[in-house]
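One-letter residues, chain by chain:
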Amino acid sequence: MRNGSARGSSTPISKRNETMVLRFVTFATACLLCAATSVFAHARLTISDPAEGATLRASPPAVSLTFSEGLEPAFCHVTLAAASGEPVNVDREKVGGDRSTILSASIPKSLVPGRYMVRWNVLSTDGHKTSGTSKFTVAP
Ligand SMILES: [Cu+2]
C-alpha cells in the first residue's frame, strides 16, 4: 500500500518535469527566433550620401540615406547641424526608392566650409524605430 502510493506519486512528478523541460525548450527556441527576426527586420542605414566621414569639395545638394527596410514617411526625420550645434535648414524630407527605403532632404542654401552632422530617426514598416548620425566636412 505504501509502496503503491509512493510509486503513484513519483510518476506524475517526473512527467511534469518532462513537460516543463519541453515547455522551456519551446519557449527558448521561440525567443531566439523572435530576437533574430527583429534584429534583421530593423531599418539599418546601409548607404549615406554624403558618406560617413567624407570630405567634400563643394556643398552637397541634399542628404540621402538608404535603409535596409521600407520606411513609414510620416515618422522619418532628418536634421542637419553645423559642428557648433547650430541647426542648418533643410527642405522637408521625402521617402522614395522602389521599396521606400531612401530618406532624403534637399539642402536649399550652400553650406559654408566646416564640419556637419546629420541626425536621422526613422520608423520602419515593421513598426520599429531606429536612429543615428552621420558626419561630413565641406572643405573647398
Ligand atoms: Cu524591426
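Residues numbered from 1 in each chain as written. Predicted model: local features only at pLDDT ≥ 70, side-chain atom pairs only at ≥ 80, totals over all residues.

Engineer: Got a sec to walk through the sheet that holds strand S4 (residues 77-82)? Specific residues and values, please.
Structural biologist: Spatial strand order, S2-S9-S8-S4-S5: five strands in an open sheet with mixed pairing. Strands with a single pairing partner mark the edges of an open sheet, and in this sheet they are strand S2 (54-56) and strand S5 (87-88). With six bridges connecting them, S4 and strand S8 (residues 114-123) associate as antiparallel partners. Each residue of the ladder has a partner; that of Val78, found in S8, is Trp120. (Pairing = 2+ DSSP bridges. Helix = DSSP H or I, 4+ residues; strand = E, 2+ residues; numbered from the N terminus.)

Engineer: Would you mind going over the environment of His77 in detail, with residue names and values included?
Structural biologist: Take His77: it is sitting in strand S4. His77 sits in the partly exposed class, given 15 other C-beta atoms within 10 Å. Along the chain, His77 and Glu93 lie 16 residues apart, while their C-alpha atoms are 6.6 Å from each other. Not counting residues within four places of it along the chain, the set of residues in contact with His77 comprises Glu93, Trp120 and Asn121. (Buried ≥ 20, exposed ≤ 12 C-beta atoms within 10 Å, placed from the backbone. Contact = placed C-beta atoms within 7 Å.)

Engineer: Please provide a residue-by-residue account of the environment of Val112, values included.
Structural biologist: Mapped onto the secondary structure, Val112 falls in the loop between strand S7 (102-106) and S8. Residue class for Val112 comes out exposed when judged on the 11 C-beta atoms lying within 10 Å of it.

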